[in-house]
Amino acid sequence: MNILIINGPNLNLLGKREPAIYGTATFEDYFKELQEKFSTLNLTYYQSNIEGELIDKLHEVGFSYDGIVFNAGAYTHTSVGLGDAIKGIETPVIEVHISNVHAREEFRHTSFLAPNVRGIIAGFGMQSYDLAIQSFL
Ligand code: DQA
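All residue numbers refer to position in the chain's written sequence, counted from 1. pLDDT decides what is reported in this predicted model: residues at 70 or higher carry local features, side-chain atom pairs at 80 or more are listed and counted, and totals for whole chains, interfaces and linings draw on all residues regardless. Only heavy atoms go into the side-chain values, all of them from the structure, while hydrogens and water stay out.

## Digging into the site of the ligand
As a reminder, the rule being used: Put simply, a residue is near a molecule or strand once any heavy atom of it comes within 4 Å of that molecule or strand. Identification of polar contacts relies on pairs of N or O atoms within 3.5 Å, with a donor-acceptor requirement for protein atoms, meaning one able to donate a hydrogen and the other able to accept it, and with residues adjacent in sequence counted only if both atoms are side-chain atoms. The protein chains shown are the only cover counted for residues, whose accessible areas, like all others here, come from Shrake-Rupley with a 1.4 Å probe. Each residue gets one of three labels, nonpolar for Ala, Val, Leu, Ile, Met, Phe, Trp, Tyr, Cys and Pro, charged for Asp, Glu, Lys and Arg, and polar for the others, Gly among them.
Close to the ligand lie Arg-17, Tyr-22, Asn-71, Gly-73, Ala-74, His-77, His-97, Ile-98, Ser-99, Val-101 and Arg-108, which account for all nearby residues. In this structure, Asn-71 approaches the ligand through a side-chain N or O atom, which is 2.8 Å from an oxygen atom. For the ligand, an oxygen atom lies 2.8 Å from a polar atom in the side chain of Arg-108. Burial of the ligand by the protein amounts to 99% of the accessible area it has alone, namely 320 Å². Classifying every residue of the shell around the ligand by side-chain character gives four nonpolar, five polar and two charged.

In structure tokens form, the structure reads like this:
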């Protein structure tokens with residue numbers, strides 16, 4: 001089973017960025033744990049701060065992979081293009097957020113991805129990714 005985790009803008013800074021909200025672990029370290037835990041899966045990871053690159057990656061894997069776990073960061077709340085890209089591909093996408101976006105600022109309550117994803121997991125810290133992977137099993 002091929003599962004890709006995609007992280008969007010500023011998530012390359014996990015571990016350093018606003019640790020009170022996002023924790024102190026780097027995503028690279030957490031990803032190693034996920035690969036060990038889900039060792040029967042072909043679990044891969046991609047990060048970009050650039051909206052067009054995220055769209056290109058969705059197109060690249062979106063007709064062959066079994067699942068995509070996508071934290072689009074701030075683009076969640078702004079990007080019609082990412083929402084359309086998810087709508088246009090066949091691979092199911094789970095939207096994830098480390099923080100509970102609904103307990104934060106009003107602008108984080110809107111998601112342009114939500115109408116086109118299979119489901120949404122938010123607020124469980126890094127474990128949100130783990131729960132999203134489990135939903136594909
Ligand atoms: C986030 C929540 C977004 O509102 C924010 O812009 C992020 C991270 C999360 O994982 O909690 O960059 O997607």
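## Description of the packing of aromatic side chains
The line we're drawing: The aromatic pairing rule takes the rings of Phe, Tyr and Trp, using the six-membered ring of Trp, and pairs them if the centres are within 6.5 Å, calling planes under 30 degrees apart stacked, those over 60 edge-to-face and the rest tilted. In our convention, an over-ring charge means Lys NZ or Arg CZ found within 6 Å of a ring centre and within 35 degrees of that ring's normal.
Counted by the stated rule, this structure contains six aromatic pairs. Through successive ring pairs, a cluster of aromatic residues spans Phe-27, Tyr-30, Phe-31, Tyr-45 and Tyr-129. Above the ring of Tyr-46, the side-chain terminus of Lys-57 is found at 4.7 Å from the ring centroid.

## What about the side chain of Arg-104?
Note the cut-off: Secondary structure is summarised from DSSP: a helix means a run of H or I of at least four residues, a strand means a run of E of at least two, and numbering begins at the N terminus for each.
Within the secondary structure, Arg-104 sits in the loop between β4 (93–97) and β5 (119–122). Polar side-chain contacts of Arg-104 include one of 2.9 Å to the side chain of Ser-99.

## Comments concerning the packing of helix α2 (residues 27–37) against helix α5 (residues 127–135)
Spelled out, the test is: Simply put, an axis is a line fit to the C-alpha atoms, just over the touching stretch for a helix, and the angle between two N-to-C directions goes from 0 to 180 degrees. Any angle that falls under 35 degrees is termed roughly parallel, while one over 145 is termed roughly antiparallel, one within 65 to 115 roughly perpendicular, and all others oblique. Rotating anticlockwise by less than a right angle from the far helix to the near helix defines a left-handed crossing, while the corresponding clockwise rotation defines a right-handed one. We call two residues contacting when some pair of their heavy atoms lies within 4.5 Å.
Closest axis-to-axis distance for the α2/α5 pair is 11 Å, and the angle between their directions is 30°. Considering the angle they form, α2 stands roughly parallel to α5. Crossing handedness for the pair α2 and α5: right-handed. Taking contact as the criterion, the partners of Phe-27, Tyr-30, Leu-34 and Lys-37 in α2 are, on α5, Gln-127, Tyr-129, Asp-130, Ile-133 and Gln-134.

## Digging into the sheet that holds strand β1 (residues 2–7)
For clarity, the threshold we go by: Pairing between strands is defined by DSSP: at least two bridges between the two strands are required.
If you walk across this open sheet you meet the five strands as β2-β1-β3-β4-β5, and the pairing is parallel. Looking at strand neighbours, the two that pair on one side only are β2 (42–47) and β5, the edges of this open sheet. If you compare each strand with its neighbour and ignore which way they point, the axes differ by 20° on average. Looking at chain direction, β1 and strand β3 (residues 67–71) are connected through five bridges and run parallel. Residue pairing in the sheet places Ile-6 in a bridge with Phe-70 of β3. Packed onto the sheet, helix α3 (residues 51–61) meets β1, β2 and β3 and runs at close to 175° relative to β1. Of the strands in this sheet, β1, β2, β3, β4 and β5 are in contact with α5, which crosses β4 at around 165°.

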